Amino acid sequence: DAKTTQPPSMDCAEGRAANLPCNHSTISGNEYVYWYRQIHSQGPQYIIHGLKNNETNEMASLIITEDRKSSTLILPHATLRDTAVYYCIVRANFGNEKLTFGTGTRLTIIP
Amino acid sequence: NAGVTQTPKFQVLKTGQSMTLQCAQDMNHEYMSWYRQDPGMGLRLIHYSVGAGITDQGEVPNGYNVSRSTTEDFPLRLLSAAPSQTSVYFCASRRDKHYEQYFGPGTRLTVT
């Protein structure tokens, strides 16, 4: 699975859009971009995933660049409950179960 | 649906003791996995299963055993606990390889 690079921490004001970047320059054509988050001491929670098109669901939007070497997770109206560590993961949807979590981005929502 | 459940939430063991961490899911998912998370680190895969009766090793399997006799349950056994196994353990499940994983709330294990 390709390696990802994320900033270690970010702050965002409550009510504003939080934009979390991820670089995955070695991504291969069959690898998806997944985002999970982990709120303090809880199990990771799935947010969204995509292959090459932008995706949106009730939690967030995922913007993937045309060359697929980077992506941005957007939380449109951040709340205090969005404070968490956000993990960007790239993996193919076949093969073994290994989901490689890096150290992620610690997002803090400021009141 | 209860989703993925794990018991116990907390456990303290002495070195050399054995125990089983329980994991169950009620979503009829075929795939189940066990991860451990050490302070300040990401999750590391211990063992996984792609269906009842089928298990395989992840990246850190030593000291742990698993079995999958039913679709719902995927227990993790620590054979002889060591301080290096102090960690938070997460169980996860997914419908199949094309879908996202759902994680349980975790078991915090301390080995003294």
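Residues numbered from 1 in each chain as written. Chains lettered and ligands numbered in written order. Predicted model: local features only at pLDDT ≥ 70, side-chain atom pairs only at ≥ 80, totals over all residues. Heavy atoms only, no water.

Draft legend 1. Region of interest: the side chain of Ser61 of chain A. Residues and elements named next belong to chain A. Residue position: Ser61 is located in strand E6 (residues 61-64). You can call Ser61 buried: its relative accessible area is 19%. Polar contacts involving the side chain of Ser61 include one to the side chain of Thr56, which spans 3.0 Å. Discounting chain neighbours no more than four positions away, the residues touching Ser61 are Ile48, Glu55, Thr56, Thr72, Leu73 and Ile74. (Helix = DSSP H or I, 4+ residues; strand = E, 2+ residues; numbered from the N terminus. Buried < 20%, exposed > 50% of the residue type's maximum accessible area, 1.4 Å probe, protein only. Polar contact = N/O pair within 3.5 Å; in protein donor to acceptor, adjacent residues only side chain to side chain. Contact = heavy atoms within 4.5 Å.)

Draft legend 2. Spotlight on the sheet that holds strand E3 (residues 19-25) of chain B. Residue and element names in this part refer to chain B. Taken in spatial order, the 4 strands of this open sheet run E1-E3-E8-E7, and their pairing is antiparallel. In the strand order of this sheet, the two ends are held by strand E1 (4-7) and strand E7 (64-66), each with one partner. Strand-to-strand, the axes of this sheet are offset by a mean angle of 20 degrees, without reference to chain direction. Note that E1 and E3 share 4 bridges and pair antiparallel. Counted as the bridge partner of Val4 is Gln25 from E3. (Pairing = 2+ DSSP bridges. Axes fitted to C-alpha atoms, helices over the stretch in contact; angles between N-to-C directions.)

Draft legend 3. Structural detail: the interface of chain B and chain A. In this assembly, 22 residues from chain B lie in contact with 19 residues from chain A. The contact between chain B and chain A buries some 1700 Å² in all, and 52% of this surface belongs to carbon and sulfur atoms. It is Leu43, Glu100 and Phe103 of chain B in chain B that bury the most area against chain A; as a group they hold 26% of the surface buried on that side. Between chain B and chain A we count 0 salt bridges in total. Our count for the contact surface shared by chain B and chain A stands at 2 residue pairs in polar contact (both at pLDDT 80 or more). Broken down by secondary-structure element, the contributors of at least two residues to the side of chain B that touches chain A are strand E4 (31-37), strand E5 (43-51) and strand E9 (87-94) of chain B. Considered class by class, the residues forming the side of chain B that touches chain A number 10 nonpolar, 7 polar and 5 charged. (Buried area = accessible area lost by both parts, 1.4 Å probe. Salt bridge = Lys/Arg side-chain N within 4 Å of Asp/Glu carboxyl O. Nonpolar A, V, L, I, M, F, W, Y, C, P; charged D, E, K, R; others polar.)

Draft legend 4. Molecular detail of the sheet that holds strand E4 (residues 45-50) of chain A. Residue and element names in this part refer to chain A. Here 5 strands make up an open sheet; going across it, the order is E1-E9-E8-E3-E4 and the pairing mixed. On the outer flanks of this sheet lie strand E1 (9-13) and E4, each paired with one strand and no other. Between one strand axis and the next, the sheet turns by 25 degrees as a mean value, whatever way the strands run. Here strand E3 (residues 31-38) runs beside strand E8 (residues 84-92); their pairing, made up of 8 bridges, is antiparallel.

Draft legend 5. Geometry of the packing of aromatic side chains. According to the stated counting rule, one finds 6 aromatic pairs over all chains in the structure shown. A ring pair is formed by Tyr34 of chain A and Tyr36 of chain A, whose centres lie 6.4 Å apart and whose planes are at 25 degrees; its orientation type is stacked. Judged by its relative accessible area of 1%, Tyr34 of chain A falls in the buried class. Ring geometry for Tyr34 of chain A and Tyr46 of chain A: centres 6.5 Å apart, planes at 65 degrees, overall edge-to-face. Of this pair, Tyr34 of chain A sits in strand E3 while Tyr46 of chain A sits in strand E4; the two residues are 12 residues apart in sequence, bridging distant segments of the chain. A connected cluster of aromatic rings, assembled from ring pairs, spans Tyr34, Tyr36 and Tyr46 of chain A together with Tyr35 and Phe103 of chain B. Positioned above the aromatic ring of Phe74 of chain B is the side chain of Arg68 of chain B, whose terminal nitrogen or guanidinium carbon lies 6.0 Å from the ring centre. (Phe/Tyr/Trp six-rings, centres within 6.5 Å; stacked < 30°, edge-to-face > 60°. Lys NZ or Arg CZ within 6 Å of the ring centre and 35° of its normal.)

Draft legend 6. Fine view of the state of the cysteines. All names here are of chain A. Enumeration over the complete set of coordinates arrives at 2 disulfides over all chains. Between Cys22 and Cys88 runs a disulfide, and the two sulfur atoms are separated by 2.1 Å. The S-S bond linking Cys22 to Cys88 shows a torsion near -80 degrees; that makes this disulfide left-handed. Of this pair, Cys22 sits in strand E2 (residues 18-23) while Cys88 sits in strand E8; the two residues are 66 residues apart in sequence, bridging distant segments of the chain. Across the pair, Cys88 and Cys22 agree in class, each one buried. (Disulfide = S-S within 2.5 Å.)

Draft legend 7. Seen up close, the environment of Ser33 of chain B. Here Ser33 of chain B is to be found in strand E4. Sequence spacing of Ser33 of chain B and Leu45 of chain B is 12 residues, and the spatial spacing of their C-alpha atoms is 7.3 Å.

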